[in-house]
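For reference, the chains in residue letters:
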Amino acid sequence: MTVVREAAWDDAPRTKTQGAIRDITKFLSSLGWAAHILAASSLCFPAVVCRKNGRADLSKQLYTTGIRTLPVITVVALFMGMILALQVGLELRRFNQEIYLGAAVMISLIREMGPFSCGVCLAACVGSAIAAELGTMKINDEVAALEIMSISPIRFLAAPRILALVIMAPILGFYCCVIGTIGGGIVGSTQLGVDFRQYMASAMSIAEVKDLYVGLFKALFFGIIVGTVSVSEGFGTTLGATGVGKSTQRSVIVSFLLILMFGYMITRVFYR
């Protein structure tokens, strides 16, 4: 029996300057690779929608992205709304302003926490699976086999996954807001003495169309981030099985960081 060892990777730079240059080069290379993946996949979206095989792949990815993540997203959104309602309600009770509980929870969810919790769930449940799946295909030379057969891996593998995330992220983000608001109403009516109808009336009176659009735009942008990062990390996998684990880990970490940073930037742009 022949034991095949994974290729060694010397990750230690000789000097600090070399290490800094290497890190900057790797960052710029990763950024360019991710931009290339996103641009090439976007050009393939019409082919995915128009072709029968593309629609079949897209339907499978929509099911994986949307239906299979619903239990996790439901639990996260429900308890997110319950936690917000409990913490905010306890403070409002000190000033006898429990009537504004629904407004506070709705604003927090629709502007920030709904899209954020949706993005985090997608990165953890869907993005990690995409990175692991594509990484395994890369090290098993399945991606190279597609290229040999003149089949574009980006059109065949990347585009349906990114498009599914782009479609489902706003829907799931809105779903998070609805479930979170209901969870907050349950806590308000059972633990804080706020009538559920009064809570919902307060929530609906404070919500504006702009808040809804900004929240949906955030969820859409987070879906693009998760899809692009996970696909680029999967296609960039090296070093065998160890590389698959590293790619999966990096896809989740990078997605989390980008969701946090761009969430703040989008809020800063629309609410000055």
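Going by the structure above, here's the rest.
In this report, we go over the structure that sits alongside the text.

Criteria and cut-off values
Residues numbered from 1 in each chain as written. Predicted model: local features only at pLDDT ≥ 70, side-chain atom pairs only at ≥ 80, totals over all residues. Heavy atoms only, no water. Helix = DSSP H or I, 4+ residues; strand = E, 2+ residues; numbered from the N terminus. Buried < 20%, exposed > 50% of the residue type's maximum accessible area, 1.4 Å probe, protein only. Contact = heavy atoms within 4.5 Å. Salt bridge = Lys/Arg side-chain N within 4 Å of Asp/Glu carboxyl O. Patch = residues over 30% accessible without salt bridge, like charges linked within 9 Å, V, L, I, M, F, W, Y side chains within 5 Å. Areas by Shrake-Rupley, 256 points an atom, 1.4 Å probe, with all protein chains shown as cover.

1. Some thoughts on the side chain of Thr 248
Phase 1 of the analysis: Looking at the element boundaries, Thr 248 is found in helix H9 (residues 240-270).
Phase 2 of the analysis: When its relative accessible area of 18% is taken as the criterion, Thr 248 is described as buried.
Phase 3 of the analysis: The residues contacting Thr 248, other than those within four sequence positions of it, are Ser 128, Ala 131 and Ala 132.

2. A short note on the pattern of salt bridges
Phase 1 of the analysis: Inspection of every chain in the model, using the stated rule, returns 6 salt bridges.
Phase 2 of the analysis: One salt bridge connects Arg 94 with Glu 91, and the closest N-O pair in it is separated by 2.8 Å. In this pair, Arg 94 and Glu 91 both sit in helix H3 (residues 70-94), 3 residues apart, roughly one turn of the helix.
Phase 3 of the analysis: Since its relative accessible area comes to 59%, Arg 94 is described here as exposed.

3. Quick notes on a nonpolar patch on the surface
Phase 1 of the analysis: A cluster of nonpolar side chains, Phe 174, Val 178, Ile 182, Ile 186 and Phe 196, forms an exposed patch at the surface whose accessible area comes to about 400 Å².
Phase 2 of the analysis: Looking at the nonpolar patch, the element that brings in the most residues is helix H6 (residues 153-191), giving 4 residues.
Phase 3 of the analysis: Here Ile 182 lies in helix H6.
Phase 4 of the analysis: Overall, the relative accessible area of 35% leaves Ile 182 in the partly exposed class.

4. Description of unusual backbone geometry
Note: most peptide bonds trans; most residues except glycine with negative phi.
Phase 1 of the analysis: The backbone of Asn 96 shows a phi angle near 55 degrees, a positive value even though the residue is not glycine.
Phase 2 of the analysis: Inspection of the secondary structure assignment puts Asn 96 in the loop between H3 and helix H4 (101-139).
Phase 3 of the analysis: According to the relative accessible area criterion, Asn 96 is exposed, its value standing at 62%.
Phase 4 of the analysis: If you check the backbone angles, Ser 150 has positive phi at about 60 degrees while not being a glycine.
Phase 5 of the analysis: Counting through the fold element by element, Ser 150 comes out in the loop between helix H5 (142-148) and H6.

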